[in-house]
2 protein chains.
Amino acid sequence: MTKISGGVCAPKGFMAGGIRCGIKASSPKKDLALIYSQSFCSAAAVFTKNKVKSASVILSQENIADGKLRAIIANSGNANACTGSEGMISARRMAQLAADALLISPREVAVASTGVIGVPLPINAIEENIDALKASLLNNEKGHEDALEAIMTTDTRKKDISVEIEIGGKKVRIGAMTKGSGMIHPDMATMLCFITTDASIIPSALDLSLRRAVERSFNRLTVDGDTSTNDMALVMANGEAGNPPLTESSSDYKIFCESLDYVCVSLARMMARDGEGAKKLLTVTVRGAENEESAVILAKSVASSSLVKTACFGADANWGRVLCAMGYAKADFLAEKASVSYKSEKGEIEVCREGQSAAFDEVKAKEILGEEEVEILVNLSDGNVEASVWGCDLGYDYVRINGDYRS
Amino acid sequence: MTKISGGVCAPKGFMAGGIRCGIKASSPKKDLALIYSQSFCSAAAVFTKNKVKSASVILSQENIADGKLRAIIANSGNANACTGSEGMISARRMAQLAADALLISPREVAVASTGVIGVPLPINAIEENIDALKASLLNNEKGHEDALEAIMTTDTRKKDISVEIEIGGKKVRIGAMTKGSGMIHPDMATMLCFITTDASIIPSALDLSLRRAVERSFNRLTVDGDTSTNDMALVMANGEAGNPPLTESSSDYKIFCESLDYVCVSLARMMARDGEGAKKLLTVTVRGAENEESAVILAKSVASSSLVKTACFGADANWGRVLCAMGYAKADFLAEKASVSYKSEKGEIEVCREGQSAAFDEVKAKEILGEEEVEILVNLSDGNVEASVWGCDLGYDYVRINGDYRS
C-alpha cells in the first residue's frame, strides 16, 4: 500500500468540487460540495443510530437501498434535521438538482447535511448555485479540496487520505474525506465520511468491508459523548481500475478490506486529533483482555471520561480516574490485576501496578503527558486481546466553541 | 413539614464535629469528621455501583449488614481507593479509633472517605488527632457545620438541610449533609450523604425509604458523567423522638418517606447547583411520557449532554441539541410529537413544537437562559407521566478545576 495524493479524486473516474452558496450566511466559507463518478458505482453506507434523523439521512437511506449511487451532494451550515415535511421536500429537491445537473437519476444521488439542527434549509441558495456547483467539477485540480472545505464546520484541519494498492495485477485506488470534530462518540457522530474507489467490487462485499472498517475506526472514536442526527459514512466503487470484480470470497478481498480499515482508522485518528477545542490526541489501549468486546468497552469508558480528559489536558498523572472509569463501564475486570502506563514520544512510564500506585517520577510523567499525542495503556493481565480507542483532551476551547455555536 | 436549623444535629441525641488532622497536607481546611448517636440506631445505606470500591465502602458495607450503626467517621483529601490490603487495614483502623474514642464497638462505625484515588491514607494523622476529633463533639453548637466542612472537597457551598414533621403525635426530625460537586452521575457519584433522624423506625422500613429517596434524588443527578469509587448515602435513626416504631405498613410511614424524599431531592438540587465549575442549576423535566422509566432515561440523556450543557452555559437556545440527546438515549419517543420549552424566573418560552422550530423570540430566549436556574421542559405528548433530572452547565471552570485536581 502506497499513500498517494488527490483525496476522493485519486481513484480513476471521480470528480469533485465545492462552492459557497450562502447557507453559512454570515461566513465567507464554502458550504456546498459535489462528488461524482463518471460511470456506475456499487455503493454502501452506514448511518447514524440516533432516532432523530436528518431528512438527508432518510433520503440517502432510501437511495442507497439498491446498492448503487453515482453522486453525493452535501451541504454544511444546516443539518436539515427537525425540519419536518418541508425538510424532506428540500432533501429530495437537493437530489433532483444534482441529478439534473449531472444528467443522472435522482435515485443515484446521496444527500448529506451538517450544521445547526431545527432551522429550515435555505433550498433557494442551492437552486441558484447548482450551475456553479457543477462548473466547479470541471478542470479543477483541487476539486477534492474544494469539496472537503465545503463540508467542514468547526473542523480546524482538513482530513483526507488516499492510497494505492494492487489487486489482480491492477492498480486500485481508495480516496476519502471526512468532517467532524465535535458531537463525536462511538456509533458515529456529527461526521460525514465520503470514500471513493476505482476497485471493481460487488455491492455486498463493499457493504461488508465498510461495516467492518467503521466498527474498527469511527465507532472507536469519542470526543464529547454526543452522537448526532446526520452521520453517514459512504463509499462508492466504480470499477474503473479494471480488476476482476471482488466478492467476499476473492483471494484479494482481504487486501481491499485492510486498506479500507487503514483509510478509516487514519481518518478517525485525524478526527480525534481535531476534536473540538482539543490540544491532544488521546489513544486508550486496553491489553491483556479476555475478549475484544470487553477491551473496547473499557477503553471507550476511559476515553469518554470528562475527568480523564481534563487530567490529560492538565498533564496530570491522575491514574485513579482511569481505573475509576473502567469501574463504571459495563465490562468485567479485576482492579487488583490491572496496570496503567502513560506513553508518548518522551517515553513510557508505569503509574499503577496491580491496582495500586507504582512508585513513579511525577516530573517524568508530566513530561510524557505534555506531548500532543498521548497513549494510556492499560494491561488487564487477563487474556491476550488488545483494542484501541481514540479520543482527545477536554480543555477551555471546547467550552468556548460550544457555548455559542449557532452565532 | 417545617424547615429547621441544625443539620445532622437537629434530631435529638446526635452529636457531630470536625477538625483538621492534616490529610489535606497543603491546605488549612478541615479533613476529618465524626457523627455520633448517643443511643442505638437502625441504619441503612446505599453504596457506589463502581466495580472499583474504596476500602471504606467495603468496610461500611460489612458493618451495616446487620442494620445497626452508631457513628460515622469520615475523611476528605484521600479516597483510600486503589490502596490494596494496606487500605483495608487503614479503614479498619479508622473504625477502631472512632469506636475506642466513643466506647462503642467498631462494628457500629461506618467509615467514609473522599479525595484522591491511589494514594495511601495517612492513618497516622488520624491516630494522632482522634482525641481532638472526639473533643470537637462536646459543647459544640456548630458541630454539624464543622463535620460538613470536613467532608468537603471541591464543593464551594455547604449543602445541608433539616426538617421537622409529626408522626404519631410526636415531633420527628430529619437532618442531613452532603458533599459532592464533580464526578456526579446517575447511580451515585463522588458524593457522601449522611442523614440522621430521631424517628423510631425498623431497619427494613428505613432501608426501603432510603432506596426510594435515593432513586428519586441522587440517582437523577448528573454533573460530568463520571461515577466514583467512594459514594455512599447513609441514614441512622435512633428513635429518640418516641414515636411508635414505624414499619412498612404504618399509616405514618408515607409521611416519613415523603420527608426523606424532600430532604434528598433538596440536597441533590444543591449538588447540581454546586457542580464543579457550574454557574447554573439545570432542571430537565420530561412530561407526557408513557412511563417513568422512559421519562428519566430521556431527561438524563439531555442533562448529561456536553453540547446541551455548553449551550446552557452560553445561554444559547439551541434546542436541536435537546432532541438530538433524546434521540441517542435508550428509550423510545416520537420527535414529531415532542415540544421543548425553556423556563426560568424570567418566564417560559416554547422553542420547538412537534419536532420543529417554533417561531420564537431569540432575545427573550437568551434572557430566560441567562438566569442561574434554568429548566428545560420537554413534552412528549405520549402519556401522563413526568420526571425531572438535575444537572448543571459546563463552563470554563470545570476544566480549570479538573485539569489539575491533585496539585
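Here the structure is a predicted model, which is why all the values come from computation and not from measurement.

**Observations concerning helix H8 (residues 306–313) of chain A**
Residue and element names in this part refer to chain A.
Then, number 1: Counting buried positions along H8 yields 7 of 8 residues, so the element is predominantly enclosed.
Then, number 2: For H8, the set of buried residues is Ser306, Leu307, Val308, Lys309, Thr310, Ala311 and Cys312.
Then, number 3: At the C-terminal side of H8, Ala315 shows a positive phi close to 50°.

**Some points on the relation of the copies chain A and chain B**
Then, number 1: After a rotation of 180° and a shift along the axis of 0.0 Å, chain A superposes on chain B with an RMSD of 0.1 Å. The transformation just described matches what one would write down for a two-fold rotation axis. Across chain A, the rotation axis passes nearest the C-alpha of Tyr396 of chain A, at a separation of 2.7 Å.
Then, number 2: Taken together, the interface assignments show that 97% of the residues at the interface of chain A recur at the interface of chain B, consistent with an identical surface on both copies.

**What about the state of the cysteines?**
Then, number 1: Summed over all chains, the structure comprises 0 disulfides over all chains.
Then, number 2: Here Cys82 of chain A is not disulfide-linked; the sulfur of Cys352 of chain B is the nearest cysteine sulfur, at 6.3 Å.
Then, number 3: No disulfide involves Cys392 of chain B; its sulfur sits 8.5 Å from the nearest other cysteine sulfur, which is in Cys312 of chain B.

**Looking at the interface of chain A and chain B**
Then, number 1: Contacts between chain A and chain B engage 58 residues on the former and 56 residues on the latter.
Then, number 2: Overall, the association of chain A and chain B removes approximately 4300 Å² of surface from exposure, summing both partners, and the carbon and sulfur fraction of that is 55%.
Then, number 3: Counting across the interface, chain A meets chain B through 0 salt bridges.
Then, number 4: Remark: the boundary between chain A and chain B carries 8 residue pairs in polar contact (both at pLDDT 80 or more).

**Digging into the pattern of salt bridges**
Then, number 1: In total, this model carries 42 salt bridges over all chains according to the counting rule given.
Then, number 2: Between Lys254 of chain B and Glu258 of chain B there is a salt bridge, with the nearest N and O atoms lying 3.2 Å from each other. Placement of the pair is Lys254 of chain B and Glu258 of chain B together in helix H6 (residues 253–273), with a separation of 4 residues, close to one helical turn.
Then, number 3: By relative accessible area, which is 59% here, Lys254 of chain B ends up exposed.
Then, number 4: Of the charged contacts, one joins Arg353 of chain B and Glu350 of chain B as a salt bridge, the two residues approaching to 2.5 Å between their closest N and O atoms.
Then, number 5: Overall, Arg353 of chain B belongs to the exposed group, its relative accessible area being 52%.
Then, number 6: The network of salt bridges with shared partners includes Lys30, Lys142, Glu145, Asp146, Glu149 and Lys158 of chain A.

Definitions and limits used
- Residues numbered from 1 in each chain as written.
- Chains lettered and ligands numbered in written order.
- Predicted model: local features only at pLDDT ≥ 70, side-chain atom pairs only at ≥ 80, totals over all residues.
- Heavy atoms only, no water.
- Buried < 20%, exposed > 50% of the residue type's maximum accessible area, 1.4 Å probe, protein only.
- Helix = DSSP H or I, 4+ residues; strand = E, 2+ residues; numbered from the N terminus.
- Least-squares fit on C-alpha atoms with pLDDT ≥ 70 in both.
- Contact = heavy atoms within 4.5 Å.
- Disulfide = S-S within 2.5 Å.
- Buried area = accessible area lost by both parts, 1.4 Å probe.
- Salt bridge = Lys/Arg side-chain N within 4 Å of Asp/Glu carboxyl O.
- Polar contact = N/O pair within 3.5 Å; in protein donor to acceptor, adjacent residues only side chain to side chain.

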